[in-house]
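Close look at the chain arrangement
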Amino acid sequence: MRKKIVAGNWKMNNDLNQTIDLINELKELKNIKDVSVMIAPAYPFLKTSHDLLEDSPIEVVSQNVHQKSNGAYTGEVSIEMLQSIGVSTTLIGHSERRAYFNESDDVLLAKTEFALDNNFNIIFCFGEELSDRKSKKHFEIVKIQLDNTVMKIKKESWKNIILAYEPVWAIGTGETASPEQAQEMHEFIRNCVENTFDKSISEEVSILYGGSVKPSNANEIFNKKDVDGGLIGGASLSAKDFKLIIEANSSL
Ligand code: PEP
């Protein structure tokens, strides 16, 4: 059965004390046995976060990773470094990495292959811009983004992939895709995976929705058949809101 997941992307927010406080509040969350919860704090606080959550099912994940094992890449962080502090999952391809750090599909493919070949799990993010949706090219763009990256991955690696559909026009804007828009795109993505690989893979891969998910809209979105959870930005910075969003994905 597909995993239900809620992941919080804290981006470049929270200093050390704020990170610790937020984690301590999240640790109070009990009884959510059917939802995997992940948080992605900033790099300097990953080890502290991981240690604080040692006895908790909440997984600490990285927001990014480099595609080389080591070397003269000033400012970058490697898979091996992350593994050495107990982190084994990373986001790849967030729209902010694509837009502000010029991460192309080729770079994202290199990161994806390197991570998966080194026993890392990935949450692969993708999604169309507002202009793509307005010109009704959203399905086409999403297919190209997938074809250039994860569709080139070995079949055996798919057990380590989570997909996150994040329409760029809905990220941090307060504008959310309607539950119907999310469902039709998630169904399309699942069909793309089935057509390139097979049904056993497409039925098993968790596909998260990201883009202004809040306590008030989470339930409706997560209730859709092909939406397995969410990647949450702004609302994951409030323990109260993030907990409500996690609870919205639980069917217990
Ligand atoms: C994100 O950055 O992945 C995201 C979904 O942000 P927000 O929830 O703030 O739109």
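Notes on the structure in this doc start here. (Residues numbered from 1 in each chain as written. Predicted model: local features only at pLDDT ≥ 70, side-chain atom pairs only at ≥ 80, totals over all residues. Heavy atoms only, no water.)

**Observations regarding the packing of helix H10 (residues 215–222) against helix H11 (residues 239–248)**
We count it as follows: Lines fitted to C-alpha atoms define the axes here, with helix axes fitted over just the stretch in contact, and angles between the N-to-C directions of these axes take values from 0 to 180 degrees. Only DSSP runs of H or I reaching four residues or more are called helices, and only runs of E reaching two or more are called strands; each is numbered from the N terminus. Geometric relationships in this document are graded by angle, where less than 35 degrees denotes roughly parallel, more than 145 denotes roughly antiparallel, 65 to 115 denotes roughly perpendicular, and other angles denote oblique. A crossing counts as left-handed when the near helix is turned anticlockwise from the far one by less than a right angle, and as right-handed when that turn is clockwise. Every residue pair with non-hydrogen atoms within 4.5 Å of one another is taken to be in contact. Classification convention: Asp, Glu, Lys, Arg as charged; Ala, Val, Leu, Ile, Met, Phe, Trp, Tyr, Cys, Pro as nonpolar; all other residues, Gly among them, as polar.
Taken N-terminus to C-terminus, the directions of H10 and H11 make an angle of 20 degrees; their axes are 8 Å apart at the nearest point. One way to sum up the angle between H10 and H11 is to call them roughly parallel. The two elements H10 and H11 cross, and the hand of that crossing is right-handed. For the pair H10 and H11, the contacting residues are Pro215, Ala218, Asn219 and Phe222 in the first and Asp241, Leu244, Ile245 and Ala248 in the second. Here the contact of H10 with H11 is built from residues that sort into 6 nonpolar, 1 polar and 1 charged.

**Section: the nonpolar core**
To be explicit about the condition: The criterion is simple. A nonpolar core is a set of buried Ala, Val, Leu, Ile, Met, Phe, Trp, Tyr and Cys residues joined through side-chain atoms within 4.5 Å. To sort residues, take the accessible area from a 1.4 Å probe on protein chains only and compare it with the maximum for the residue type: under 20% means buried, over 50% means exposed, and anything in between is partly exposed.
By size, the foremost hydrophobic cluster in this structure holds 62 residues, and its most contacted members are Ile39, Trp158, Leu163, Ile189, Tyr209 and Phe222. Look past the residues within four positions of isoleucine 39 in its chain and what remains in contact with it is Gly8, Trp10, Ile23, Leu26, Leu53, Ile58, Glu59, Val60, Val61 and Phe242. Formed by 12 residues, the second largest nonpolar core is a distinct cluster that contains Ile5, Val61, Leu91 and Cys125.

**Some thoughts on the packing of aromatic side chains**
Put simply, the test is: Side-chain rings of Phe, Tyr and Trp (the six-membered ring for Trp) are treated as a pair once their centres are within 6.5 Å; stacked means planes under 30 degrees apart, edge-to-face means over 60, and tilted covers the remaining angles. By the criterion adopted, a ring carries a charge over it if an Arg CZ or a Lys NZ lies within 6 Å of its centre and within 35 degrees of its normal.
Inspection of every chain in the model, using the stated rule, returns 5 aromatic pairs. Centroid distance phenylalanine 124 to phenylalanine 126: 6.3 Å. Interplanar angle 25 degrees. Geometry classified as stacked. Assigned by exposure class, phenylalanine 124 and phenylalanine 126 land together as buried. Among the aromatic side chains, those forming a connected cluster through ring pairs are Phe124, Phe126, Tyr165 and Tyr209. Sitting above the plane of the phenylalanine 101 ring, arginine 97 keeps its charged end 4.0 Å from the centroid.

**A short note on the packing of helix H7 (residues 138–147) against helix H8 (residues 179–196)**
Where H7 contacts H8, the two axes come as close as 11 Å, and the packing angle between them is 40 degrees. Classified by the angle their axes make, H7 and H8 are oblique. Helix-helix and strand crossings are classified by hand; for H7 and H8 the assignment is right-handed. Across from His138, Phe139, Val142, Lys143 and Leu146 in H7, the residues of H8 making contact are Glu184, Met185, Phe188, Ile189 and Cys192. Residues belonging to the contact of H7 with H8 are distributed by class as follows: 7 nonpolar, 1 polar and 2 charged.

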